[in-house]
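Report on the structure
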Amino acid sequence: MPTLDDILEHVGEFDRFQKQTFFVLCLLSASFTPVYVGVVFFGFTPEHRCSSPGVAELGQRCGWSLEQQLNLTVPEWDGHGGSFSSRCRRYEVDWNATGISCSDPLGSLGGSGSAVPLGPCRDGWVYDSPGSSLVTEFDLVCEDSWKLDLFQSAVNAGFFIGSINIGYIADRFGRKFCLLTTIAANIVCGILLVFVPTYLWIVIIRFLQGLVSKGGWTAGYILVTEVVGPQYRRTVGILYQAAFSVGLLAFDAIAYAIPHWRWLQLTVTLPTCFLLLYYWCLPESPRWLISQGKNDKAMKIVSDIAKKNQKKMPSHFKDIKFEEEDCGKQNPSLMDLFRTPQIRKNTLILMYNWFTSSVLYQGLIMHMGMAAENMYLDFLYSALVEFPAAFIIIVTIDRVGRRYPWALSNLVAGAACLATALIPEDLHWLKLITACIGRMGITMAFEMVCFVNTELYPTYIRNLGVMVCSSLCDIGGVIVPFIVYRLVEIWHDLPLIVFTVLGVIAGALVLLLPETKGRVLPETVDDVENFHRQSAPKANKIYLQVQGSEVARG
């Protein structure tokens, strides 16, 4: 009995129909960018200082320049601020008092800078920024700076919970239904974020947005890889993730043009309304239809594929089935991921690598946004390196293998983070180059863990293995804002030292995994346990099965 892959060989594995589907779904991948890394621009923290009543009037009366005013009235101001006292404390004096000297205002008030008591910013802050962000609107600085961490952690918590639930919806009701409902929900959440007036509601809606957005991105990944032939699935999956990188460039340009976070949120949300046109221009996954016993509908879509590709489907192809239909009778359990030695080792190493990839990828984006001399240019440079990362993966994985490029990418990311931390601040261009190298390395590692995960589990627990391991990605996303934004208060480059340790350990652990290049997917537990004893069969072709819970970047 022929399979769907057999039929696709005749009607086109990646022809006009699949290319059109791939293109429109890449728009979905690109639109996921503001949700995943939006905190860089939505939560930008400009240089700031306490608002002190009377200072502006005194400065005007004395004819001070802005720099003179800051030096004379802001604690520990050394020309650019940057210390806790200059940002979060003010002199406890009455700047409206009479008789204040213009040359030595603190001295005329009865003390020197070190003797005058300091107090909190009771009258808010002054921000050196022409635009607005969550930070400037809700004063998420100093004692309340942790609230920005919570804003980003909320969306990652939504990713964690939503991926499981949305994955169930995609498997139960279909990929197309899942796509349309998550897109609609994401649009509603995105528009609500523009208008809600309080920080608490913003965090709640941000969580709800995470609940649906990553699941929708994943459903698009599943669909685009299920309508192409086996030899194109891995390449299409990598390029679908590369579309996310295109979204980074577009988001950077829009953020540069619109420096006000609510208008920026509205601008990146409204175009996604056009994605609802997927109802008319996207097919349901024929593989999902087959799994639900809806062969007639699946054959109708296959006929449409043949017509669009200007191919003729052979008349003897009457029935189609899944290649692994008989293997699904086993009931997987969580303990199966830890029961045998090799699978247990694979599971623990993969969980750690999903966690590390998320922490380093998101962490580097956040840290570069904080350290940037020009936030928009640095974001652009770091996004551009994701394209050679995708190219290197496509070129090397079937020539060199998976294990060594994967391990090397983690080690390069870790080493680059260490180099960035040790380079002096006045060599910003060199710090930027090494940070971009680290970004390229972790991008490669992130994309590789996505498909290698599927190659290390037997058929009946493959979905479960990817779902459980990739959940550590979202846990890493919940933790990383606190790693970045809290540790920089101790030492600006301390998060990079943490990233170095995580990356080097991840690279070393990858070397303990078996090489999967040139091997067929394991069918049984024994296949996995005997992986290291097998020689790779050169004549066999890998058929990478698309997994419902396979997730990238989040």
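These remarks concern the structure in this document. The structure displayed is predicted, hence computed values, not measured ones.

1. Let's talk about the overall build of the protein
From N to C terminus, the protein includes 25 helices and four strands. Within the protein, contacts between residues separated by at least 24 positions form 81% of all contacts whose residues are at least 6 apart in sequence.

2. Observations regarding the state of the cysteines
Under the definition given, this model contains three disulfides. Lacking any disulfide linkage, Cys450 is separated from the closest cysteine sulfur, that of Cys473, by 7.9 Å. On the basis of relative accessibility, which here comes to 1%, the residue Cys450 falls in the buried class.

3. A closer look at the side chain of Gln69
By the element assignment, Gln69 lies in helix α6 (residues 66-73). Not counting chain neighbours up to four residues away, the residues in contact with Gln69 comprise Val55, Ala56, Gly59, Trp64 and Val74.

4. Digging into the nonpolar core
Buried together is how nonpolar side chains tend to be arranged in soluble globular proteins. Core analysis: the biggest nonpolar cluster contains 120 residues, and Leu25, Tyr278, Trp406 and Phe499 have the highest contact counts within it. Take this core: its biggest share by element is 13 residues, from helix α18 (residues 341-371). Each of two domains, domain 1 (1-30 + 144-323) and domain 2 (332-530), supplies a minimum of three residues to this core. The contacts of Leu25, once residues within four sequence positions are left out, are Leu179, Gly220, Leu223, Val224, Tyr240, Tyr278 and Leu282. In terms of nonpolar packing, the next biggest core, distinct from the first, is built from 14 residues, Leu4, Leu289, Met299 and Ala306 among them.

5. Overview of the packing of aromatic side chains
Under the criterion given, the structure shown has 23 aromatic pairs. With 5.9 Å between their ring centres and 25 degrees between their planes, Tyr36 and Phe159 make a pair best called stacked. Note that Tyr36 is positioned in helix α3 (residues 33-37) and Phe159 in helix α10 (residues 146-173), a separation of 123 residues in sequence. Phe159 shares its class with Tyr36; the two are buried. For the ring pair Phe41 and Tyr376, a centre distance of 5.5 Å and an interplane angle of 5 degrees mean the geometry is stacked. Highlighted residues: Phe41 in helix α4 (residues 39-42) and Tyr376 in helix α19 (residues 375-384), separated in sequence by 335 residues. Look at Phe41 and you get buried, because its relative accessible area is 5%. Of the aromatic side chains, those joined through ring pairs into one cluster are Phe32, Tyr36, Phe159, Trp217, Tyr221, Tyr240, Phe244, Trp354, Tyr361 and Phe446. Positioned above the aromatic ring of Tyr199, the side-chain terminus of Lys147 is 5.7 Å from the ring centre. Lying over the aromatic face of Tyr279, Lys176 brings its terminal NZ or CZ to 5.4 Å of the ring centre.

About the criteria used
- Residues numbered from 1 in each chain as written.
- Predicted model: local features only at pLDDT ≥ 70, side-chain atom pairs only at ≥ 80, totals over all residues.
- Heavy atoms only, no water.
- Helix = DSSP H or I, 4+ residues; strand = E, 2+ residues; numbered from the N terminus.
- Contact = heavy atoms within 4.5 Å.
- Disulfide = S-S within 2.5 Å.
- Buried < 20%, exposed > 50% of the residue type's maximum accessible area, 1.4 Å probe, protein only.
- Core = buried A, V, L, I, M, F, W, Y, C linked by side-chain atoms within 4.5 Å.
- Domains from an automatic or database assignment.
- Phe/Tyr/Trp six-rings, centres within 6.5 Å; stacked < 30°, edge-to-face > 60°.
- Lys NZ or Arg CZ within 6 Å of the ring centre and 35° of its normal.

Any functional reading would require information beyond the geometric quantities listed.
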